[in-house]
Amino acid sequence: MLTETLLAMWMAAAPAKDHDPDASRWSVGVPVEVDLVGLAAGAHPEILFRPAAPDGALTLRFATGVMAGPELALVPFSVGVRGVIVPRRIVRPYGGLGLQMQVFAPYGAPARARLDLYLELGLDVRIVDSWRIGMQISPEIGLAPGFGLGMATRLGFQVDL
Amino acid sequence: MRTALLLMLLLVPEASAHRPSTADAVTTIDDPTVSWVVNGELHDGDEVFRVKLDFPHPFALPFELMTEHRAGAADFRPALAIVGPGLPPASDEVAARLPLPVPEGWGVYVDFNEATDREVYFEQVMRRTMYTTGSFAIALREGPNEVWIWNPDETPGDWQLGLGVEEDFTGGAFSDIFSHWGQYAY
Amino acid sequence: MRRGPRISGLSATLALLVGACGAPIEPTPDCDAFVACTTARDVQQGITTDMVRFQPGGACWGNPEIAGLCDRGCRSGMAWLRDAFTDLPRECAP
């Protein structure tokens, strides 16, 4: 179902402009994040780098941010890869995974760190030349020092540098 | 995606979590020799929860009772009693404060949750910050034992009882979290 | 407030890395004392209590978080035993 939906969106999306040799390999994204497991909200900026080609599908992601909620604040540090399915289209679904060190600062208790594996599924839309808006969900699973859950939802913009 | 999920499963190390369960007024824990977190809600405040544990042999394990660490729940202090054979008999003063009579031949461990300074515990599976009575280890006899949870102040609130440390997540252990999401997640 | 081992952000990160490598955690003195006391009481009462989780290699010592929980539990459990019973064997003395 998801695959069909994404395929339909791909087919419907108009192609972007032709290959641009001056296109940047770097982008910055600034999503607002709401964490649904351990309620918290904040900003989770990310730096994106496309090592293979400026308009390539493979993207490396480096991100950090600050989220706060009624019971805790958290600071994630993320490194991962993202595969953009149709990088030159206006509408681009993507998926990715990576590792995320979560530093939890629960109110009234000592800070704790947890290493997570995160997945991400998202969609972004080019609105003007190098600007995109997008949304994303990112399930997280704790690897060490123990099991844990997480689910981040993000809404924000991205700009090519 | 499938590769990612397989990778995720392969990478999951030994968990550090209790098997979740949601409490009814009388709740029987199928296997008290593995770790559980039992979630309950005092709707009216005057209910008494009875968690029944039937040990196949004498068994020592840690317990703790947790409540939400947030301003609106700061005064919610449910009490906990472990009742069973081999525990010391309740004094008249303690017996008068218990919500139920202690069965003949049984004794009691009780924590009225009256400590001035309470421990705060971060539960990393669901990322909850909780007040806790603090962990305490106790040796219980073979056969039936019970844990009673009630609030002497008769005010409503959510509580979590953690017991044991041996993890067993077989048989859809986490399905209870998703069917009672509001009680586990903030 | 919180008794026993505290885990700060930095030490938690270190513990996380060490824990990920599977470094063993030794039982704490408080849990050794709890096991010794309970074993001695078992002899008095003619029973055998399953305390595997508190002993070396037990489930208490799988990671720092559970180790802290067990350590605090043993300390509180010993304090309660000493308060609650007057006929404890000498292994239960402080």
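Before any of the text, the structure's been laid out above.
It should be emphasised that the depicted structure is a prediction, and the values quoted were computed from it without experimental measurement.

Calculation notes
- Residues numbered from 1 in each chain as written.
- Chains lettered and ligands numbered in written order.
- Predicted model: local features only at pLDDT ≥ 70, side-chain atom pairs only at ≥ 80, totals over all residues.
- Heavy atoms only, no water.
- Helix = DSSP H or I, 4+ residues; strand = E, 2+ residues; numbered from the N terminus.
- Buried < 20%, exposed > 50% of the residue type's maximum accessible area, 1.4 Å probe, protein only.
- Contact = heavy atoms within 4.5 Å.
- Areas by Shrake-Rupley, 256 points an atom, 1.4 Å probe, with all protein chains shown as cover.
- Polar contact = N/O pair within 3.5 Å; in protein donor to acceptor, adjacent residues only side chain to side chain.
- Salt bridge = Lys/Arg side-chain N within 4 Å of Asp/Glu carboxyl O.
- Expected span 1.5 Å × (residues − 1).
- Pairing = 2+ DSSP bridges.

## So, the overall build of chain A
Consideration 1: Across its full length, chain A holds one helix and ten strands.
Consideration 2: When its helices and strands are written in sequence order, chain A yields α-β-β-β-β-β-β-β-β-β-β.
Consideration 3: Out of the 161 residues belonging to chain A, those deemed buried represent 50%.
Consideration 4: Contacts spanning at least 24 positions in sequence make up 52% of the contacts within chain A whose residues lie at least 6 apart.
Consideration 5: When the accessible surface of chain A is split by element, carbon and sulfur atoms take 75% of a total near 6,900 Å².

## So, the side chain of Arg114(A)
Consideration 1: Along the polypeptide, Arg114(A) turns up in strand β8 (residues 112–128).
Consideration 2: There is a polar contact of 2.7 Å between the side chain of Arg114(A) and the side chain of Asp116(A).

## Points about the environment of Leu81(C)
All names here are of chain C.
Consideration 1: Among the secondary structure elements, Leu 81 is positioned in helix α3 (residues 64–84).
Consideration 2: A sequence separation of eleven residues divides Leu 81 from Cys 92, and the C-alpha atoms of the two residues are 8.3 Å apart.
Consideration 3: Those residues within four positions of Leu 81 in sequence are excluded, and the remaining contacts are Phe 34, Cys 37, Arg 41 and Leu 88.

## A few points about the pattern of salt bridges
Consideration 1: By the definition in use, this model includes 24 salt bridges over all chains.
Consideration 2: Notably, a salt bridge pairs Arg127(B) with Asp35(A), separated by 3.7 Å at the nearest N-O pair. With Arg127(B) in the loop between β8 (119–123) and β9 (128–132) and Asp35(A) in strand β1 (residues 26–35), this pair bridges two chains.
Consideration 3: By relative accessible area, Arg127(B) is classed as buried at 0%.
Consideration 4: One salt bridge connects Asp116(A) with Arg114(A), and the closest N-O pair in it is separated by 2.7 Å. The same class applies to Asp116(A) as to Arg114(A), namely buried.

## Notes on unusual backbone geometry
Consideration 1: Residue Pro145(A) follows Ala144(A) across a cis peptide bond; omega there is 5°.
Consideration 2: Along the polypeptide, Pro145(A) turns up in the loop between β9 (131–144) and β10 (148–160).
Consideration 3: For Glu154(B), which is not a glycine, the phi torsion comes out positive at approximately 55°.
Consideration 4: Secondary-structure assignment places Glu154(B) in the loop between β11 (143–150) and β12 (157–163).

## As for α3(C)
Residue and element names in this part refer to chain C.
Consideration 1: The terminal C-alpha atoms of α3, which comprises 21 residues, lie 30 Å apart, in line with the 30 Å expected from a rise of 1.5 Å per residue.
Consideration 2: Here α3 lies mainly inside the structure; 15 of its 21 residues are buried.
Consideration 3: Capping the start of α3, Asn 63 holds a side-chain oxygen 2.9 Å from the backbone nitrogen of Glu 65, two or three residues further along.

## Notes on the pairing of strand β7 (residues 91–106) of chain A
Residues and elements named next belong to chain A.
Consideration 1: Both strand β6 (residues 72–84) and β7 contribute to a ladder of 13 bridges, which runs antiparallel. By the bridge assignment for β7, Gly 83 is matched with Gly 95.
Consideration 2: Hairpin remark: β6 followed by β7, antiparallel, with six residues in the connecting loop.
Consideration 3: Bridge count for β7 against β8 is 14 bridges, and the pairing is antiparallel. Paired with Tyr 94 across the two strands is Gly 122, which belongs to β8.
Consideration 4: Connecting β7 to the next strand, β8, in antiparallel fashion are five residues, including Gly 108 with a positive phi near 90°.

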